[in-house]
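# Structure assessment
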Amino acid sequence: MVVVVDTVSATPVRPRHPEKAARPDALSPKKPDWIRVRAPTSRGYADTRAIVKENGLVTVCEEAGCPNIGECWDKKHATFMIMGDTCTRACAFCNVKTGLPEALDPAEPDNVAEATFKLGLKHIVITSVDRDDLADGGAAHIAATIRAVRARCPSTTIEILTPDFLRKDGALETVVAAKPDVFNHNLETVPSRYLTVRPGARYFHSIRLLQRVKEIDPSLFTKSGIMVGLGEERHEVLQVMDDLRSAEVDFLTIGQYLQPSLKHHAVMRFVPPEEFAGYESVAFSKGFLMVSSSPMTRSSHHAGDHFTKLQAARAALSR
């Protein structure tokens, strides 16, 4: 038998991460027993997936390979990723496609609002790729999506997870003026790891971004998160907590970094659950209103329940 492989007429498949293709494989240690998730097979998962697809939407749950997708989608909770599925950054930890994105879809804000209505979401999380190719970094599109959800689902609370809008004057102000309930921007890691983990970003710019949100609108809740297991030291994590509290950030998330592929940054260490519990205790003592710290914690995991706790914690302070 002869097997013929057509290497001429077939359309070549573009790698998901072309900038990582030539890198040597980065080997991570074996996952411990506490890192376990079930495959998504429930009816609720299938229903959520159908609503996402029929509205032509992208979710960070799928694009980033979130391990909690089965649990969240079973409850009809999804984090919508707007402005396309291709990011202009090339962070070493991220599984979202990289390259030159397509033009913005003007119907996307209404589609997100419609999916929010169909899913019956009481709390929605909206994130996006980085769009360094746009003059405002996509700020106007994010604001339009917030307004569309408000119009279609006025009782739904809105959490946004934004890019850093680096060198995009006025972008932050545009988003804050749209009045999300929670403004989230993740630091991702400690400052010493930025060069290898998040080279396109600047740590102190991100801290200042979060601080500026509070200066513009003190009523907004602010939130940020980091991953551990990337080579950071404990004292560096504690310093990040202090930096975030100096910027008056309300909510901190800490989760275990998981390697999406062998071409991504290796897991340097799997942090045991008791260390996450220790971080949570310290973070609360430093004044955060809400802290989620566990191996499987992700920015939008249990976001609705956490928002309710945030509101209660703020109300308790004002008594």
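Here the structure is a predicted model, which means the values were calculated and not measured. (Residues numbered from 1 in each chain as written. Predicted model: local features only at pLDDT ≥ 70, side-chain atom pairs only at ≥ 80, totals over all residues. Heavy atoms only, no water.)

## Remarks on the overall build of the protein chain
The secondary structure content of the protein chain amounts to 11 helices and 9 strands. Relative to its full complement of 319 residues, the protein chain shows a buried share of 52%. Here the contacts in the protein chain between residues at least 6 apart in sequence split such that 76% fall between residues at least 24 apart. Accessible surface, the protein chain as shown: approximately 15200 Å² in total, 55% of it carbon and sulfur. (Helix = DSSP H or I, 4+ residues; strand = E, 2+ residues; numbered from the N terminus. Buried < 20%, exposed > 50% of the residue type's maximum accessible area, 1.4 Å probe, protein only. Contact = heavy atoms within 4.5 Å. Areas by Shrake-Rupley, 256 points an atom, 1.4 Å probe, with all protein chains shown as cover.)

## Comments concerning helix 4 (residues 108-119)
Helix length check: helix 4, at 12 residues, gives a terminal C-alpha distance of 16 Å against a target of 16 Å (1.5 Å per residue), a fit within 8%. Restricting attention to buried positions, one finds in helix 4 the residues Glu108, Pro109, Val112, Ala113, Ala115, Thr116 and Leu119. The buried side chains of helix 4 occupy one side of the element, clustering within an arc of 165 degrees when seen end-on. Phi turns positive, to about 65 degrees, at Gly120, one or two residues after helix 4. (Expected span 1.5 Å × (residues − 1). Arc of directions from axis to C-beta.)

## Overview of the pairing of strand 5 (residues 157-161)
Counting buried positions over the 5 residues of strand 5 gives 5, a clear majority of the element. Neither face of strand 5 is left uncovered, since the one carrying Thr157, Glu159 and Leu161 and the one carrying Ile158 and Ile160 both have all their residues buried. Pairing analysis gives 5 bridges linking strand 4 (residues 123-128) to strand 5, with the strands arranged parallel. Bridge pairing links Thr127 to Leu161 in strand 5. Pairing analysis gives 3 bridges linking strand 5 to strand 6 (residues 182-184), with the strands arranged parallel. (Pairing = 2+ DSSP bridges.)

## Considerations on the nonpolar core
With 35 residues, the main nonpolar core has Phe80, Ile124, Ile126, Ile142, Ile160 and Phe183 as its most contacted residues. Those elements that place two or more of their residues in this core are helix 1 (43-54), strand 1 (79-82), helix 4, strand 4, helix 5 (139-152), strand 5, helix 6 (171-177) and helix 8 (203-216). Broken down by element, the residue count for this core peaks at 6 residues, all from helix 5. Ala201, Met241, Val282 and Ala283 belong to the second-largest nonpolar core, a separate cluster that totals 24 residues. (Core = buried A, V, L, I, M, F, W, Y, C linked by side-chain atoms within 4.5 Å.)

## Re the side chain of Thr86
Checked against the element boundaries, Thr86 lands in strand 2 (residues 86-87). A distance of 3.0 Å separates polar atoms of two side chains, one belonging to Thr86 and the other to Asp85. Setting aside residues up to four positions removed in sequence, Thr86 forms contacts with Lys97, Thr98, Gly99, Leu100, Pro101, Val129, Asp130 and Arg131. (Polar contact = N/O pair within 3.5 Å; in protein donor to acceptor, adjacent residues only side chain to side chain.)

## Some points on the environment of Glu173
For Glu173, the position within the fold is in helix 6. Residues Glu173 and Val213, 40 residues apart in the sequence, show an inter-C-alpha distance of 8.1 Å.

## Section: helix 8
An ideal rise of 1.5 Å per residue puts 20 Å on 14 residues; helix 8 measures up with 20 Å between its terminal C-alpha atoms. Those residues of helix 8 lying buried are Tyr203, Ser206, Ile207, Leu209, Leu210, Val213 and Lys214. Here the buried residues of helix 8 occupy an arc of 155 degrees about the axis, which is enough to place them on one side. The inward-facing, buried residues of helix 8 abut helix 6, strand 6, helix 7 (194-197), strand 7 (221-228), helix 9 (234-246) and helix 11 (303-317).

## Digging into the sheet that holds strand 4
Pairing within the open sheet is parallel, and its 7 strands lie in the order 1-4-5-6-7-8-9. Where the open sheet ends on each side, the last strands, each with one partner, are strand 1 and strand 9 (290-293). Averaged over all pairs of adjacent strands, the angle between their axes in this sheet comes to 20 degrees, without regard to strand direction. Direction of pairing for strand 7 relative to strand 8 (residues 251-256): parallel, over a ladder of 6 bridges. Bridging from a neighbouring strand, Ile226 pairs with Ile254 of strand 8. Here helix 8 sits on the sheet in contact with strand 6 and strand 7, set at roughly 165 degrees to strand 7. Sitting on the sheet, helix 10 (residues 273-285) touches strand 7, strand 8 and strand 9, and the angle it makes with strand 9 is about 170 degrees. (Axes fitted to C-alpha atoms, helices over the stretch in contact; angles between N-to-C directions.)

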